[in-house]
Amino acid sequence: MPNHHVVWCEGGARRSNSGRPARGGSHPLKRGGPGHPAAPGSGRATERGWFFSQERLRIDHIATEGEQRSSRQVRRPAGQGVLLVAGVIVLGGIMSILDITVVSVGLRTFQKEFDATSAQVAWTMTGYTLALASVIPLTGWAADRFGTKRLYLLAVTLFAAGSALCAAATSLEMLVAFRVVQGLGGGMLMPLGMTILTRAAGPERVGRVMAVLGIPMLLGPIFGPILGGWLIDAASWHWIFLINVPIGVIALVYAAKVLPKDHVEPSETFDWLGMVMLSPGLATFLYGVSSIPETGTIWDVKVLVPAVIGLVLIVAFVPWALHRRNLHPLVDLRLFLNRDMSIAVIAMSLFAVAFFGASLLFPLYFQQVRGESALDSGLLLAPQGIGAMITMPIAGMLADKIGPGKIVLTGIAVITVGMGMFTQLTADTSYTYIIVALFVMGLGMGASMMPIMASALATLREHTVARGSTLMNIVQQVAASIGTALFSVLLTNGLKDITATSPAEVRDQMRDAFASVFLVAAILIAVCLIPAALLPRKKAKAADPTVMVGH
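Because the structure is a prediction, the values reported are computed rather than measured.

J.: Honestly, the overall build of the chain in this entry has me stumped. Any pointers?
T.: Per the secondary structure count, the chain includes 24 helices and two strands. Buried residues in the chain amount to 53% of all 551 residues. Across the chain, the fraction of contacts at a sequence separation of at least 24, relative to all contacts at a separation of at least 6, is 79%. Of the accessible surface of the chain, which amounts to about 23000 Å², a share of 66% is contributed by carbon and sulfur atoms.

J.: Explain the pattern of salt bridges here, please?
T.: When the charged atoms of two side chains with opposite charge come close together, those side chains can pair. Considering all chains together, one arrives at four salt bridges under this definition. Asp-144 is the salt-bridge partner of Arg-199, the closest N and O atoms lying 3.2 Å from each other. With Arg-199 in helix 8 (residues 172-201) and Asp-144 in helix 6 (residues 123-146), this pair connects stretches of sequence that are 55 residues apart. Residue Arg-199 shares its accessibility class with Asp-144, and that shared class is buried. Ionic pairing is found between Arg-334 and Asp-332, a salt bridge with its closest N-O pair at 3.9 Å.

J.: Would you explain helix 11 (residues 244-258) in this entry?
T.: Helical geometry note: an α-helix holds 3.6 residues per turn, so side chains three or four residues apart project in the same direction. In this model helix 11 runs 20 Å from its N-terminal to its C-terminal C-alpha over 15 residues, within 8% of the 21 Å that 1.5 Å per residue would give. Of all the residues in helix 11, the buried ones are Asn-244, Gly-248, Ala-251 and Ala-255. Down the axis of helix 11, the smallest arc covering the buried residues is 60 degrees, so these residues share one side. Exposed and oriented more than 90 degrees from the buried face of helix 11 are Ile-250 and Lys-257.

J.: Sorry, what's going on with the side chain of Ser-96 here?
T.: By secondary structure assignment, the location of Ser-96 is in helix 3 (residues 79-105). At 3.3 Å, the side chain of Ser-96 and the backbone oxygen of Gly-93 are in polar contact. Dropping the residues within four chain positions of it, Ser-96 is found in contact with Tyr-128, Phe-159, Gly-186, Leu-189 and Met-190.

J.: Sorry, what's going on with a nonpolar patch on the surface here?
T.: On the surface, Ile-386, Ile-390, Ile-394, Met-397, Leu-398 and Ile-402 cluster together to form a nonpolar patch covering roughly 470 Å² of accessible area. Residue placement: Met-397 occurs in helix 18 (residues 382-402).

Rules used in this analysis
- In this convention, every chain numbers its residues from 1, walking through the sequence in written order.
- Confidence filtering applies because this is a predicted model: local features only for residues at pLDDT of at least 70, side-chain atom pairs given and counted only at 80 or more, and all residues used for totals across whole chains, interfaces and linings.
- Computation of side-chain values covers all heavy atoms of the structure but excludes hydrogens and water.
- Helix numbering and strand numbering both begin at the N terminus, where a helix is a DSSP run of H or I of at least 4 residues and a strand a DSSP run of E of at least 2.
- Burial here depends on accessible area, computed with a 1.4 Å probe over protein chains only, as a share of the maximum for the residue type. Under 20% is buried, over 50% is exposed, and the range in between is partly exposed.
- Whether two residues touch is decided by their heavy atoms; if any such pair falls within 4.5 Å, the residues are in contact.
- Residue exposure ignores everything except the shown protein chains as possible cover, and the areas themselves are Shrake-Rupley values with a 1.4 Å probe.
- Salt bridge, as used here, is a side-chain nitrogen of Lys or Arg placed within 4 Å of a carboxyl oxygen of Asp or Glu.
- Here the expected length of a helix is defined as 1.5 Å per residue gap, with one fewer gap than residues.
- This arc is built from the directions going out from the helix axis to the C-beta atoms.
- Between N or O atoms, a polar contact is any pair within 3.5 Å; within protein, one atom must be a potential hydrogen donor and the other a potential acceptor, and residues adjacent in sequence are included only when both atoms are from side chains.
- Here, patches come from residues exposed beyond 30% relative accessible area and free of salt bridges, joined within 9 Å for like charges and within 5 Å for nonpolar side chains (Val, Leu, Ile, Met, Phe, Trp, Tyr).

Interpretation note: all reported values are geometric properties and have no functional meaning in isolation.
So this is what it looks like as structure tokens:
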């Protein structure tokens, strides 16, 4: 039998060390209980008023719920068990992230197949992104309410079914609709994967498992175009979707056997008002931002109207999420009370803007300036992936032992050097020089992105991991969209200034335009050194429950 002892909570209720109210005491938030400020006969409440604010009562209430949930959690699996769980998550990540880059290669094929304009076929990407953005904020609540295993199985099923339907589409409208189904599943896969892995590994191993999760996140944008180009050339466009079906079936069977059984508390309320504001606000804002590359300016009505409406909804969500009566906000912004989480979010935002934005430049440089095909451009980017694969597991292991601070600082410095090499491009720059620069960048990427995420998640308590991973994925999605739009506009404006007439001079001026944008990317990545210098430089420990509010 466990040895229960009774302690007094702030707010006046007695509680045992198991997290359950002790006999003779009531829940501190239950009306009429001794800890409630309005409790009849509560002399201490009358005399001292609101000495213990409702926010402190909320913290104690959430800590109690967290202890109750944690007491029923299964033990974390051993090293081999964590690797098996990681394998499931990597399969899901490969499907969702590869699919985005693979489909981008098929846009021209869609134009010919459905006799559509480039703006019309772009909805195959936009629809997916909007569905993904809408469902991500709901994932944290749904994971706590229904369990991560059940939700992960549902996400894989939606994605695989959406893929099969996309392959069977006979019109562009059907394809866009089925891409939305894909996005609903794909939007849940990454935050759920981060939650499952973090809970399975614990703070002492989170760096290593995040390195595993980083494989599809970093390598998808590099190898996706290669796979997409090959499938379209060797078979047909249908196979860029059909390839997800067998992977999805394997992931379903694998997840059903490997993922631990869910232990959930189905009593948590759903933040309906938060959903009405944040999900459409995020989707509308991202739609406006994603329209920037098409319009070439942020002042176009197509950009401004949805972006402003979305931003207003997002801003309106903030005070509601922080309101003391909102015990379970859709996305818990009180997580920012954790210093490590706040710094990691800032570092992730800057890094995602620079990294995902700059990722757009490399294939365009090879195709427009060097005249390479889409497939050859993808192959030339392979050294970047190889470099990331070398450093990612090493960086994850070191981050667990000495903290992510020094690792991320080194990684960002290396990326800055690699990006700086691209600012020196000339008409005669050899492919050896370019390949070395990409390899150096890959070495830095493997030591940057996932350790930043690990530094945020390592300090979360078990019952706040789902909300923390949701918050990180929202930040990454928004920052990546902003980065892509920013660099698209910079490059478009640079190419508009070309005045040369001969092919050689045109190429020289195009090269100069790319070099200028690469300089902006290098500066943005270098700015990441500031928040990176503030990341923890010690081994992660579990968070203090009185500091970590959020559920």
